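Per-entry structural report
The chain contents come next:
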Amino acid sequence: MKAPKFATAILLAASMSSYSVWAADAVQGNADAARAKNSMCIGCHGIPGYKASFPSVYSVPMISGQSQKYLENALLAYKKGDRAHPTMRGIAAGLSEQDMADLAAYYSMAPAGAGK
Amino acid sequence: MRGLVMAKRNGGMRLQMESGTFSAAVVGSVLLATISFASVSEAANLENGKAKAEQVCSACHGKDGNTPVDPSYPRLAGQHEDYLRQALTDYRSESRKNAIMAAQAKALTKQEVRDVAAYYASLPGQLIVRK
């Protein structure tokens, strides 16, 4: 029974190491850390009724309450150029993946019972 | 605009009218004004928006617009109407790049964009403005 145990141990070790590699690659969002990073968000997204005026006039979206994944993807899309809004492109260009993950974590946590 | 002109004309006739006739004239011109304004501003139709949303959007964004089937899809319920309209317009022009949404948005007429945007904005949701 030694050989199968050894094989199991190898398999287990292999799966653990691949797991830790995967975990190290994924950026974990920290909502608390976002509090020091969201000053440029609140000037538009934190003001009720605020409208972006360039290049066209429309209400900035409500972002709080969206999922962490959606928010992170949105910031990545602005940085990559898949979304075109100039202000958001400029802001996202200055964010690291860690910054984006933190901000996404923060804004995805809408207070319970929020909304209209 | 036609309604406004009618209203003014009716206002001018007021002096020669009995008060009952006057009320009827006012109601009439208000009705006319409403009708002509509706056709000028191409108002959104919530009923049509609901029908279209349930036929097309709800499969991914959830029937209530608040329970998307994948975390990468946004909640739409309660979002600002003009933002939703803008998003669909940007998907159509592909200034916002997303293969799924480009196909969906291009299949909508401009009136349908107005209708579904108004419909989702009218739903109760959990999105908020927060600092």
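Brief notes about the overall build of chain B
Summing up its helical and strand segments, chain B has six helices and zero strands in all. Listing every helix and strand of chain B by position from the N terminus yields α-α-α-α-α-α. Each of the 131 residues in chain B was classed as buried or not, and the buried ones make up 30%. Taking contacts inside chain B between residues at least 6 apart in sequence as the whole, the part at least 24 apart equals 66%.

Concerning the packing of helix H4 (residues 68–80) of chain A against helix H6 (residues 97–108) of chain A
All names here are of chain A. Remark: H4 packs on H6, axes separated minimally by 8 Å, with the N-to-C direction vectors making an angle of 140 degrees. Relative to H6, H4 is oriented oblique. Helix-helix and strand crossings are classified by hand; for H4 and H6 the assignment is right-handed. Mapping the contact onto sequence places Gln68, Leu71, Glu72, Leu75 and Leu76 in H4 and Met100, Ala101, Leu103, Ala104, Ala105, Tyr107 and Ser108 in H6. Taken together, the residues of the contact of H4 with H6 sort by class into nine nonpolar, two polar and one charged.

Focus on the environment of B:Ala118
Residues and elements named next belong to chain B. With respect to the secondary-structure elements, Ala118 resides in helix H6 (residues 110–122). The exposure class assigned to Ala118 is buried, which follows from the 20 C-beta atoms found within 10 Å. Sequence-wise, Ala118 and Gly78 are 40 residues apart; in three dimensions their C-alpha atoms are separated by 9.5 Å. When near neighbours in sequence (up to four residues on either side) are disregarded, Ala118 contacts Ala44, Leu46, Gly49 and Glu81.

Regarding the interface of chain B and chain A
Taken together, the 22 residues of chain B in the interface contact 22 residues of chain A. Residues of the side of chain B that touches chain A, tallied by class, amount to eight nonpolar, eight polar and six charged.

Some points on the confidence of the model for chain B
Keep in mind that low pLDDT regions are not for reading the predicted coordinates in detail. Residue and element names in this part refer to chain B. On average, residues of chain B carry a pLDDT of 82, and 69% of them reach 70 or more. Segment residues 1–17: pLDDT under 50, and 20 contacts once partners within four positions in sequence are set aside and those in other chains are kept. Ignoring residues within four places in sequence, the model shows residues 36–40, a span with pLDDT below 50, making five contacts including any to other chains. Confidence metrics for the complex model read pTM 0.73 and ipTM 0.76.

With respect to H6(B)
Residues and elements named next belong to chain B. Here H6 spans 19 Å end to end across 13 residues, near enough to the 18 Å set by a 1.5 Å rise per residue. Burial in H6 covers these residues: Glu112, Val113, Arg114, Asp115, Val116, Ala117, Ala118, Tyr119, Tyr120 and Ala121. For H6, the elements touching its buried residues are helix H3 (46–61) and helix H4 (81–93).

Considerations on unusual backbone geometry
Between A:Phe54 and A:Pro55 the backbone carries a cis peptide bond, its omega angle lying at 0 degrees. Tracing the chain through its elements places A:Pro55 in the loop between strand S1 (51–52) and strand S2 (58–59). Positive phi, normally seen in glycine, also occurs at B:Glu94, with a value near 65 degrees. Judged by C-beta crowding, with 15 C-beta atoms within 10 Å, B:Glu94 ranks as partly exposed.

Considerations on the packing of H3(B) against H6(B)
Residue and element names in this part refer to chain B. Running from amino to carboxyl end, H3 crosses H6 at an angle of 90 degrees, the nearest separation of the two axes being 7 Å. One finds that H3 runs roughly perpendicular with respect to H6. Each of Leu46, Asn48, Gly49, Lys50, Lys52, Ala53 and Cys57 in H3 lies in contact with H6, whose residues at this interface are Glu112, Asp115, Val116, Ala118, Tyr119, Tyr120 and Ser122. For the contact of H3 with H6, the class distribution of residues is seven nonpolar, three polar and four charged.

Definitions and limits used
- Residues numbered from 1 in each chain as written.
- Chains lettered and ligands numbered in written order.
- Predicted model: local features only at pLDDT ≥ 70, side-chain atom pairs only at ≥ 80, totals over all residues.
- Helix = DSSP H or I, 4+ residues; strand = E, 2+ residues; numbered from the N terminus.
- Buried ≥ 20, exposed ≤ 12 C-beta atoms within 10 Å, placed from the backbone.
- Contact = placed C-beta atoms within 7 Å.
- Axes fitted to C-alpha atoms, helices over the stretch in contact; angles between N-to-C directions.
- Parallel < 35°, antiparallel > 145°, perpendicular 65-115°, else oblique.
- Left-handed = near helix turned anticlockwise from the far one by under 90°.
- Nonpolar A, V, L, I, M, F, W, Y, C, P; charged D, E, K, R; others polar.
- pLDDT = per-residue confidence, 0-100.
- Expected span 1.5 Å × (residues − 1).

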